[in-house]
Amino acid sequence: MAGRRQIAALKLINTIRQHELDAIGAQLAGLRAQQTSLTEQSAALTQRAIAEQTGSTLETQAYLPAYLSSVDRQQRGLAAEGDALSGQIDTLEDALFAQFRALKTTQTVLSKVQTEAKADADRAEQAALDDASRALFALQRR
């Protein structure tokens, strides 16, 4: 028979795993927001470069290649940061899936233990009723 302590322990484990899952999810959301920000920065750089290129005059065209080279370096830097974030996101997604599986396993075990505890309690109640019925029957026969 599953004791109350076992059920309480499983509930606690379940709660802890849920909090860990939520924490990983929050970290993942933060990294994805950073990744979105990098993508937006890259797009803004591209738009500025296009605007500078199309709006250049004869006086500024001499400086355009250096500016475009600078933009290219910044784009590569943003891409490298994005790649690093992608690796971190992949790692966190794996951790999230592992934590989710662990949480579901704990929930399944908890559900099974609770069902067994209820069945044991029902059997004990039925046995007590059977004993009471037998005792009453025995008293009536005397």
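Data block above holds the structure.
Remember, it's a predicted structure, so these values are computed and weren't measured experimentally.

A short note on the overall build of the chain
Looking only at helices and strands, one finds two helices and zero strands in the chain. Computed over C-alpha atoms, the radius of gyration of the chain comes to 33 Å, more than 25% over the 14 Å expected from 2.2 N^0.38 for 142 residues, which places it beyond the range of a compact globule. When the backbone C-alpha atoms are referred to their principal axes, the chain occupies close to 120 × 20 × 15 Å. Across the chain, every contact between residues at least 6 apart in sequence was considered, and the portion connecting residues at least 24 apart equals 88%. When the accessible surface of the chain is summed, it comes to about 10300 Å², and 57% of that surface belongs to carbon and sulfur atoms. Separation between the mean location of the 16 positive side-chain charges and that of the 17 negative ones in the chain comes to 15 Å.

Some thoughts on the side chain of asparagine 14
By the element assignment, asparagine 14 lies in helix 1 (residues 4-54). Residue classification places asparagine 14 among the buried positions, given a relative accessible area of 16%. Ignoring any residue separated from it by four or fewer positions in sequence, one finds asparagine 14 in contact with Leu103, Thr106, Gln107 and Leu110.

A look at the nonpolar core
By size, the foremost hydrophobic cluster in this structure holds 14 residues, and its most contacted members are Leu28, Leu31, Leu92 and Leu96. Only helix 1 and helix 2 (64-141) provide two or more residues apiece to this core. Excluding residues that lie within four positions of it along the chain, leucine 96 makes contacts with Leu21, Ile24, Gly25 and Leu28.

Observations concerning the pattern of salt bridges
Taken as a whole and assessed by the stated rule, the structure comprises five salt bridges. Across the pair arginine 76 and aspartate 72 runs a salt bridge whose closest N-O atoms are separated by 3.2 Å. A residue pair is termed a helical-turn pair when its members lie 3 or 4 positions apart in one helix, as arginine 76 and aspartate 72 do in helix 2 at four residues. One salt bridge in this structure joins aspartate 122 and lysine 118, with 3.2 Å as the shortest N-O distance. Highlighted residues: aspartate 122 and lysine 118, both in helix 2, separated by four residues, approximately one helical turn. Of the residues examined, lysine 118 reaches a relative accessible area of 52% and is grouped as exposed.

A word on the packing of helix 1 against helix 2
Between helix 1 and helix 2, the shortest axis-to-axis distance is 7 Å and the interhelical angle comes to 165 degrees. Considering the angle they form, helix 1 stands roughly antiparallel to helix 2. When you trace helix 1 past helix 2, the crossing you get is left-handed. Taken together, the residues that form the contact of helix 1 with helix 2 break down as 27 nonpolar, 20 polar and eight charged.

The rules behind these values
- Residues numbered from 1 in each chain as written.
- Predicted model: local features only at pLDDT ≥ 70, side-chain atom pairs only at ≥ 80, totals over all residues.
- Heavy atoms only, no water.
- Helix = DSSP H or I, 4+ residues; strand = E, 2+ residues; numbered from the N terminus.
- Rg over C-alpha atoms; globule rule 2.2 N^0.38 Å.
- Contact = heavy atoms within 4.5 Å.
- Areas by Shrake-Rupley, 256 points an atom, 1.4 Å probe, with all protein chains shown as cover.
- Lys, Arg positive; Asp, Glu negative; His and termini not counted.
- Charge placed at Lys NZ, Arg CZ, Asp CG, Glu CD.
- Buried < 20%, exposed > 50% of the residue type's maximum accessible area, 1.4 Å probe, protein only.
- Core = buried A, V, L, I, M, F, W, Y, C linked by side-chain atoms within 4.5 Å.
- Salt bridge = Lys/Arg side-chain N within 4 Å of Asp/Glu carboxyl O.
- Axes fitted to C-alpha atoms, helices over the stretch in contact; angles between N-to-C directions.
- Parallel < 35°, antiparallel > 145°, perpendicular 65-115°, else oblique.
- Left-handed = near helix turned anticlockwise from the far one by under 90°.
- Nonpolar A, V, L, I, M, F, W, Y, C, P; charged D, E, K, R; others polar.

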